[in-house]
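An overview of the molecular structure
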Amino acid sequence: MREEGFFPLELTSDLPKITMLGSQQVRIEQHKGLVVYQEDEVALQTAAGLLKLHGKNLSFAMYTAGEALITGKIDAISLCGGLN
């Protein structure tokens with residue numbers, strides 16, 4: 001049962017929200033900035049650690065201060081370390 005005034009964790013925390021559509025597209029919300037951008041690797045800093053994507057023909061379909069949409073052939077995603 002939900003308590004009055006309860007907000008979802010993704011709205012009240014600084015943690016990233018990662019949504020993957022097959023192996024073709026990944027949306028990352030609440031990132032802290034770009035660390036690596038290459039055709040076969042993209043890395044973004046997040047409050048949960050360094051988020052790395054590996055694949056082929058990786059590119060940004062959209063990039064803002066807090067959200068990124070990456071397309072291409074995504075082979076692997078990893079989350080390393082943490083800031084907390």
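Our subject is the structure that appears above.
Here we summarise the structure given alongside this text. (Residues numbered from 1 in each chain as written. Predicted model: local features only at pLDDT ≥ 70, side-chain atom pairs only at ≥ 80, totals over all residues. Heavy atoms only, no water.)

A count of helices and strands for the protein chain gives 1 helix and 6 strands. The linear arrangement of helices and strands in the protein chain, starting from the amino end, is α-β-β-β-β-β-β. Burial analysis of the protein chain (84 residues in total) assigns 26% to the buried set. Taking contacts inside the protein chain between residues at least 6 apart in sequence as the whole, the part at least 24 apart equals 44%. (Helix = DSSP H or I, 4+ residues; strand = E, 2+ residues; numbered from the N terminus. Buried < 20%, exposed > 50% of the residue type's maximum accessible area, 1.4 Å probe, protein only. Contact = heavy atoms within 4.5 Å.)

Attention now moves to the pattern of salt bridges. Throughout the structure, instances matching the rule amount to 4 salt bridges. Put simply, Lys-32 and Asp-14 hold a salt bridge, and the shortest N to O gap is 2.6 Å. Note that Lys-32 is positioned in the loop between strand S2 (25–29) and strand S3 (33–38) and Asp-14 in the loop between helix H1 (9–12) and strand S1 (17–21), a separation of 18 residues in sequence. Since its relative accessible area comes to 45%, Lys-32 is described here as partly exposed. Among the salt bridges present, the one from Lys-73 reaches Asp-75, with a minimum N-O distance of 2.9 Å. Since its relative accessible area comes to 37%, Lys-73 is described here as partly exposed. (Salt bridge = Lys/Arg side-chain N within 4 Å of Asp/Glu carboxyl O.)

So, on to a nonpolar patch on the surface. Taken together, the side chains of Leu-34, Tyr-37 and Tyr-63 define a hydrophobic patch exposed on the protein surface, amounting to about 290 Å² of accessible area. One can find Tyr-63 in strand S5 (residues 49–63). On the accessibility criterion, Tyr-63 (38% relative accessible area) is partly exposed. (Patch = residues over 30% accessible without salt bridge, like charges linked within 9 Å, V, L, I, M, F, W, Y side chains within 5 Å. Areas by Shrake-Rupley, 256 points an atom, 1.4 Å probe, with all protein chains shown as cover.)

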